[in-house]
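# Structure assessment
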Amino acid sequence: FSPEALGIVISIVFLIATILEQLALEFTEDMLIQYNAAVLAITLVVLLGFVDDVIDLRWRHKIILPTIASLPLLVAYKGLTSVVVPIHLRPFLGNSVDVGLLYYFYMGNIAIFCTNAINIYAGINGIEVGQSFIVGCFIVIHNIIEIVMHPELTQNHMFSLTIMLPFLFCTLALLRYNQFPSIVFVGDTFCYCAGMTFAVVGILGHFSKTLMLFFIPQLINFVLSIPQLIGIVHCPRHRLPKFNHQNYKLEAVHEHHTLINFWLYLFGPTNERQLCNALLIFQIICGCFGLFVRYYLSHIFF
């Protein structure tokens, strides 16, 4: 049988859940504007992801799509545009520096990176949904820690939780059918939806730098992918590992510059289930390291 595309269904269910949440939650006027902007940004990226699934857009077009979808997010942003200066530079620059429009440029790039980071770290059963679920769990853990430790920031992190909790439940349902052996595929639609959801909560929840600590495997995959993404070497449409029909194991393809192929190159051929599990365990380890950096090492510099 051929697997069915369930990513669009899950994305729509998630959007419906976030829209209906407004009936049960009491938002201030400013929060309601930002919440609706977040829902609009995710809706746009779901639409654009569906277009990508249907007509197979080129890699360079994948940079433009999240940029368009992030516009409601950037327009609705009402937070600070200053950055905290590291302790060692404060005698020269002060405690913070207002970077103005550059901060909007930074947020736009966060949206572009998060949306594409999930999409290019893909290719084996369960990896897209699994990494999204793990990243979402660490965001929720961070939100809860911040609410307990800094009650004055409760509003920002409750905003994040109202979006992340329905996302996690929808993602868990999708993972049930997408794990190996998968009977559905997620397509670019879910990858875009997941990435933009993370960007939305990171930006409007005011923890975008912490968000990047949960994206360490995606950052590694992006760095490995740069030569192909910018055209230095040929970039095929699908950069998958090679399937060996004799032993049913996946083998590294050296011309495909991804973390999946690099992992196979380092640790040798393995079957798809074991490879996905190993990469998801690596994602969990990196998430724990991110929390350690955020709550123990960051005080050394900030």
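So, here's what we can say about the structure. (Residues numbered from 1 in each chain as written. Predicted model: local features only at pLDDT ≥ 70, side-chain atom pairs only at ≥ 80, totals over all residues. Heavy atoms only, no water.)

### Describing the overall build of the chain
Basically, it comes down to this: Counting from the N terminus, the helices are the DSSP runs of H or I reaching at least four residues and the strands are the DSSP runs of E reaching at least two. A 1.4 Å probe rolled over the protein chains alone gives each residue an accessible area, and that area as a share of the maximum for its type sets the label: buried under 20%, exposed over 50%, partly exposed in between. Here, Shrake-Rupley sampling with a 1.4 Å probe gives the accessible areas, and only protein chains in the shown set may cover a residue.
Helix and strand counts for the chain stand at 13 helices and six strands. Projected onto the principal axes, the alpha-carbon positions of the chain cover approximately 60 × 45 × 35 Å. Looking at the chain as a whole, 48% of its 302 residues are labelled buried. Accessible surface for the chain amounts to roughly 15200 Å². Of this, 70% is attributable to carbon and sulfur atoms.

### Remarks on the environment of Leu172
Within the fold, Leu172 resides in helix α8 (residues 154-178). Linking Leu172 and Ser70, residues 102 residues apart in sequence, is a C-alpha distance of 25 Å.

### Side note on helix α13 (residues 272-301)
Spacing of three or four residues puts side chains on the same side of an α-helix, whose turn is 3.6 residues. The condition that has to hold: For a helix, the expected span equals 1.5 Å multiplied by the residue count minus one. One axis is fitted to the seven residues ending at the residue and one to the seven starting there. The bend at that residue is the angle between these axes. Polar contacts, as used here, are pairs of N or O atoms within 3.5 Å; protein pairs need one atom able to donate a hydrogen and one able to accept it. Residues neighboring in sequence count only if both atoms are side-chain atoms.
Look at α13: 41 Å from first C-alpha to last across 30 residues, which is about the 44 Å you get at 1.5 Å a residue. The largest bend in α13 comes to about 40°, at Arg294. For α13, the side-chain oxygen to backbone nitrogen distance between the N-cap and Arg273 is 3.2 Å, and the N-cap itself is Asn271.

### Topic: the pattern of salt bridges
Selection rule: Salt bridges are counted wherever a side-chain nitrogen of Lys or Arg sits within 4 Å of a carboxyl oxygen of Asp or Glu.
For the structure on display, the rule yields one salt bridge. Where Glu146 meets Arg294, a salt bridge forms, and the shortest distance between an N and an O atom there is 3.4 Å. A residue pair is termed long-range when its members are at least 10 positions apart, and Glu146 in helix α7 (residues 127-149) and Arg294 in helix α13 qualify at 148 residues. Judged by its relative accessible area of 3%, Glu146 falls in the buried class.

### Some words on the packing of helix α11 (residues 216-229) against α13
Worth spelling out the cut-off: The axes used here are C-alpha line fits, helices contributing only the stretch in contact, and every angle between their N-to-C directions lies in the interval 0 to 180 degrees. The labels follow the angle: roughly parallel below 35 degrees, roughly antiparallel above 145, roughly perpendicular from 65 to 115, and oblique for the rest. Here, two residues are considered to be in contact whenever any of their heavy atoms come within 4.5 Å of each other. In the scheme used here, Gly and all other residues not listed as nonpolar or charged are polar, with Ala, Val, Leu, Ile, Met, Phe, Trp, Tyr, Cys and Pro taken as nonpolar and Asp, Glu, Lys and Arg as charged.
Across the interface, α11 lies against α13 with an axial gap of 8 Å and an inter-helix angle of 110°. In terms of their interaxial angle, α11 and α13 are classed as roughly perpendicular. Residue-level contacts link Ile216, Pro217, Gln218 and Ile220 of α11 to Phe282, Gln283, Cys286 and Phe289 of α13. Considering only residue class, the contact of α11 with α13 consists of six nonpolar, two polar and no charged.

### Quick notes on a nonpolar patch on the surface
Where we set the bar: Patch building starts from residues that exceed 30% relative accessible area and form no salt bridge, then joins like charges within 9 Å and nonpolar side chains (Val, Leu, Ile, Met, Phe, Trp, Tyr) within 5 Å.
On the surface, Phe222, Val223, Ile226, Leu229, Ile230, Ile232 and Val233 cluster together into a nonpolar patch covering about 590 Å² of accessible area. Ile230 sits in the exposed class, given a relative accessible area of 58%.

### Quick look at the nonpolar core
Convention followed: By nonpolar core we mean a set of buried residues, namely Ala, Val, Leu, Ile, Met, Phe, Trp, Tyr and Cys, connected to one another through side-chain atoms within 4.5 Å.
Membership of the largest hydrophobic core comes to 73 residues, with the highest contact counts inside it found for Ile139, Met196, Phe198, Val200 and Phe215. Residue contributions to this core peak at 12 residues, all from helix α9 (residues 187-204). If near-sequence neighbours (up to four positions away) are discounted, Met196 is found in contact with Ala41, Ile42, Val45, Pro66, Ala69, Ser70, Ala111 and Thr115.

### Quick word on the packing of aromatic side chains
Convention followed: Two aromatic rings from Phe, Tyr or Trp, using only the six-membered ring of Trp, form a pair when their centres are within 6.5 Å; if the ring planes differ by under 30 degrees the pair is stacked, by over 60 it is edge-to-face, and anything between is tilted. Charges are assigned to positions over rings by a cutoff of 6 Å between ring centre and Lys NZ or Arg CZ, combined with an angular limit of 35 degrees from the ring normal.
The full count for this structure, using the stated rule, is 15 aromatic pairs. Both rings, one in Phe167 and one in Phe198, keep their centres 5.4 Å apart while their planes meet at 80°; by these two values the pair is edge-to-face. Separated by 31 residues along the polypeptide, Phe167 in helix α8 and Phe198 in helix α9 bring together distant segments of the chain. Side by side, Phe167 and Phe198 carry an identical accessibility label, which is buried. Chaining the aromatic ring pairs together yields one cluster made of Phe14, Phe113, Phe167, Phe190, Phe198, Phe215 and Phe222. Taking NZ or CZ as reference, Arg176 lies 5.4 Å from the ring centre of Tyr177, over its face. The ring of Tyr295 carries the charged tip of Arg294 above its face, separated from the ring centre by 4.8 Å.

### Some remarks on the side chain of Ser70
Residue placement: Ser70 occurs in the loop between α3 (61-69) and α4 (71-76). A relative accessible area of 2% places Ser70 in the buried class. Apart from the residues within four sequence positions on either side, Ser70 is in contact with Ala111 and Met196.

### Some words on the environment of Gly287
Considering the arrangement of structural elements, one finds Gly287 in helix α13. Note on Gly287: relative accessible area 2%, which makes it buried. Residues in contact with Gly287, not counting those within four places in the same chain, are Phe138 and Phe214.

### Some thoughts on the state of the cysteines
What counts, and what does not: By convention in this document, the label disulfide applies to cysteine sulfur atom pairs within 2.5 Å.
The full count for this structure, using the stated rule, is zero disulfides. Of the cysteine sulfurs around Cys114, a residue in no disulfide, the closest is that of Cys193, at 13 Å. There is no disulfide at Cys137, and the cysteine sulfur nearest it, in Cys288, is 11 Å away.

### Here's the deal with unusual backbone geometry
Residue Pro181 is bonded to the preceding Phe180 through a cis peptide linkage, with omega at -5°. Despite not being glycine, His206 has its phi angle at roughly 65°, a positive value. Within the secondary structure, His206 is located in the loop between α9 and α10 (208-213). Within the chain, Tyr248 stands out as a residue other than glycine whose phi angle is a positive 60°. Mapped onto the secondary structure, Tyr248 falls in the loop between β5 (242-244) and β6 (249-251).

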